[in-house]
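The primary structure of each chain is shown beneath.
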Amino acid sequence: MAEDHLSMQGFMANSMTPPLSQRINSVNSFDSSGQHTPHPSPGCGQSPGDMNGHHDAFSDFSRAVRFALDPGIINNNPMGVQSALLMRQQAEAYLTGLKSNPRIWDFCTSIFQKPREHFEATEVFWGCSVLIELVTQRGDYFALPESGKAMFEATLLTWAKVNCSHLDLTKFQFVQNKFAQLLVIVFQHSGYPTRWTTFFEEIFALLPQGMQLIDLWLRILKAIDTHIVEHLQESTDPNVRARDTLIKDSMRATCMQQVTNTWYHILSQYHQTCPDISRQCMQVMAPYFAWIDIQMVTSEQWINMLYHFVSQPDLRDDAVVCLAELCGKKIADTRSKLQLLKSLRVADAMPELVASILNRHRNELTIGDESFDDGTGFLSNVTDLCLAVGVELMDLISSMLNRESAACKDEVDDAIKMLHTCLPMLFELLACGHSGISLKVCEHGVRRYVELLKKHPVTRAHLPSLLTIVAGRMAYFPDFFDFEETGDYEMTVNSLRKQLLIVFRNIATLEKDLALNFVVERVRAAVAACANTTVHWPQVEATLRILHCFGEELGATRATVFKQQDSVLSKVISEVFHCNISSAGTHQVSILLSPPLVRDWRSYVNSLYSSQPGFSCNNYETV
């Protein structure tokens, strides 16, 4: 603490020296009394110990970077927070001026030449940040001769070998991240694959030296995905796109097999002893599946290992995400795509897992408690996997049927068979009480299925069970839904109900008789419940909402339907108006008995039932 106080006195003393613009050509330091002593910037290859004077050129820099980047110094400084904040501003100004020094490249390089016992995390972090800026914005790296570039690249790798193997990852992950980013930025601008052709081999050689180097390797891969692959998709500069495309294509052709081998080794070796590194590995490799040769990671050994991880609480989420990414792999050849989906075995393996999760948390998921977390995070990932395989199968079936090729009939039959295995699993997820999961399944899976039925003569055997789930999922959870104020939960429920009604309308378009019989059955069940005083208003409200929706779907044909002799729908409407359904006790039911339901059918119902004593639709105008 005394040292920090002394450092601050020295730094404050430095604030009284000439303006920063007059001092940027030197790196300043202070003696123990706080007096300013200028020293020249270190040259390339010059270690801090080589600097002139009793104190090396890092003295002032070390203090400035600590005050600028270390949050603990502000809160723990004996001079008080306000004073420390002022000194932080001065430190940041000092570092900003230092970046303008003509020899800043040499100075930052020398940070990575300090002996390991002099390692300072904030110095390395700042040095990495400045070097990234110099490479990407100022072009200092390109100005180096070939020998200078090679020396700089060797300096970084040597630092990784000497220092990263001793880093405490519980404290210095931010250093690993920034250093990995620097390595990848230099690699990206190095001219690979014509220059620094040994980059991956040199990194591979570091991996046997310990967990910290494996961690660095995974962060390097993450940085490649961020700064090269994603950057390629976002950039509009043709030169940048050409450079990053060349790197990506060269990696795919030369080193990705070795890269995937390192993934398999890490996962198989450390999934028990170090699950953190295994999770990190799966998180890193999942985005690569979209562009590498998928056969590298879909062997029976790979798939068996991922399914083994699905049963491990520490690893299951990331394993499921990897399987979902594999399912979503874009493959133009339909036969190869179908073979991939078969090899992943999702349609066979997931139904049991889904049922197990839903049964384990049935109480929490059916009471509408969206705050329940234990299990539903994993369930959300499993839902994404089930949706991935289901949607890919639907798209595959549609693509093959559009071709109308007799040669792919067996493949179509196989795909439809797999889809029929997946659909009950999706319907179970739709029926679960977690509105977010139900909405996701309805919007991205169930609607896609019904759209497929509208275009192609795929079997419709699942529609009756789907209608039952739609009607059941329409009901509110009144203990959780706030009808007065709309929060996130209420917005999700309202969105779900809109999607469910779209599904119902589409089914009614496909199978009008099926929808009509379903509506009649549901309405009469609600009327009977009212007669027995066992009415549950959310179910009544959902039934009336579906009845109203069906009437809207009839459109211009409603008059014809109502005027038909012995029209079952008109009889059902009469039963609704004659029972005490409004006694369900809430304004939500009453609203549906007023204009939204009556306005379209009033003339028809009046013409049919005006002779019945005491009945008039006008009685319900102001309910």
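Please refer to the structure placed before this passage.
Heads up: these notes are all about the structure in this document. Treat the numbers as computed from the prediction; the structure is a model and nothing was measured. (Residues numbered from 1 in each chain as written. Predicted model: local features only at pLDDT ≥ 70, side-chain atom pairs only at ≥ 80, totals over all residues. Heavy atoms only, no water.)

Notes on the overall build of the protein chain
Secondary structure summary: the protein chain contains 30 helices and two strands in total. By residue count, 52% of the 623 residues in the protein chain fall in the buried class. A separation threshold of at least 6 residues defines the contact pool for the protein chain, and within that pool the share at least 24 residues apart is 71%. Here the protein chain displays about 27,800 Å² of accessible surface, and carbon together with sulfur accounts for 50% of that area. (Helix = DSSP H or I, 4+ residues; strand = E, 2+ residues; numbered from the N terminus. Buried < 20%, exposed > 50% of the residue type's maximum accessible area, 1.4 Å probe, protein only. Contact = heavy atoms within 4.5 Å. Areas by Shrake-Rupley, 256 points an atom, 1.4 Å probe, with all protein chains shown as cover.)

Thoughts on the packing of aromatic side chains
Overall, the coordinates contain 26 aromatic pairs when judged by the stated rule. Measuring from centroid to centroid gives 6.0 Å for Phe-112 and Phe-179, while their planes differ by 35 degrees, and the two rings are tilted. With Phe-112 in the loop between helix 5 (104–111) and helix 6 (121–138) and Phe-179 in helix 9 (residues 173–189), this residue pair connects regions lying 67 residues apart in the sequence. Since its relative accessible area comes to 5%, Phe-112 is described here as buried. Taking relative accessible area as the criterion, Phe-179 reaches 0% and is therefore assigned buried. (Phe/Tyr/Trp six-rings, centres within 6.5 Å; stacked < 30°, edge-to-face > 60°.)

Section: the packing of helix 9 against helix 11 (residues 211–234)
Helix packing geometry: the angle between the two helix axes and the distance between the axes. At their nearest, the axes of helix 9 and helix 11 sit 8 Å apart, and the two run at 50 degrees to each other. When the axis of helix 9 is compared with that of helix 11, the two are oblique. As for the relative orientation of helix 9 and helix 11, their crossing is right-handed in sense. When helix 9 is examined against helix 11, the residues Gln-173, Gln-176, Asn-177, Phe-179, Ala-180, Gln-181, Leu-183, Val-184, Ile-185, Phe-187 and Gln-188 are found in contact with a partner set consisting of Gln-212, Asp-215, Leu-216, Arg-219, Ile-220, Ala-223, Ile-224, His-227, Ile-228 and His-231. Here the residues of the contact of helix 9 with helix 11 sort into 11 nonpolar, eight polar and two charged. (Axes fitted to C-alpha atoms, helices over the stretch in contact; angles between N-to-C directions. Parallel < 35°, antiparallel > 145°, perpendicular 65-115°, else oblique. Left-handed = near helix turned anticlockwise from the far one by under 90°. Nonpolar A, V, L, I, M, F, W, Y, C, P; charged D, E, K, R; others polar.)

Digging into the pattern of salt bridges
Within the structure shown, the criterion is met by 21 salt bridges. One network of salt bridges, with partners in common, ties together Glu-146, Glu-153 and Arg-195. (Salt bridge = Lys/Arg side-chain N within 4 Å of Asp/Glu carboxyl O.)

Let's talk about the nonpolar core
Nonpolar side chains in soluble globular proteins tend to be buried together. Ranked by size, the top nonpolar core spans 185 residues in total, and within it Trp-126, Trp-263 and Leu-466 carry the most contacts. When residues no more than four places from it in sequence are discounted, the contact partners of Trp-126 are Phe-61, Val-65, Leu-69, Leu-95, Leu-98, Lys-99, Ile-104, Phe-107, Cys-108 and Ile-111. Among the nonpolar cores identified, the runner-up in size contains five residues, and Tyr-476, Tyr-489, Val-493 and Trp-537 belong to it. (Core = buried A, V, L, I, M, F, W, Y, C linked by side-chain atoms within 4.5 Å.)

Details of the packing of helix 9 against helix 12 (residues 238–254)
Closest axis-to-axis distance for the helix 9/helix 12 pair is 10 Å, and the angle between their directions is 105 degrees. By the angle class used here, helix 9 and helix 12 are roughly perpendicular. In this structure, helix 9 uses Phe-187, Gln-188 and His-189 to contact helix 12, whose residues at the interface are Arg-243, Asp-244 and Ile-247.

Some remarks on the side chain of His-189
Here His-189 shows up in helix 9. Within the structure, His-189 has its side chain in polar contact with the side chain of Arg-243 (distance 3.5 Å). Leave out the neighbours within four places in its chain, and His-189 touches Val-135, Thr-136, Tyr-141, Phe-142 and Arg-243. (Polar contact = N/O pair within 3.5 Å; in protein donor to acceptor, adjacent residues only side chain to side chain.)

So, helix 17 (residues 334–344)
Listing the buried residues of helix 17 in full gives Thr-334, Lys-337, Leu-338, Leu-340, Leu-341 and Leu-344. End-on view of helix 17: buried residues confined to an arc of 155 degrees, all on one side of the axis. Backbone geometry just downstream of helix 17 places Arg-345 in the positive-phi region, at approximately 60 degrees. (Arc of directions from axis to C-beta.)

Some thoughts on the side chain of Glu-153
Within the element layout of this structure, Glu-153 appears in helix 8 (residues 146–163). In terms of polar contacts, Glu-153 uses its side chain to reach the side chain of Arg-195, at 3.1 Å. With near-sequence residues (within four places) excluded, Glu-153 lies in contact with Tyr-141, Val-186, Ser-190, Arg-195 and Trp-196.

A short note on the environment of Val-523
Position of Val-523 relative to the elements: it lies in helix 25 (residues 512–531). A sequence separation of 20 residues divides Val-523 from Thr-543, and the C-alpha atoms of the two residues are 6.1 Å apart. Leaving out residues up to four positions away in the same chain, Val-523 has contacts with Thr-543, Leu-547, Val-572 and Val-576.

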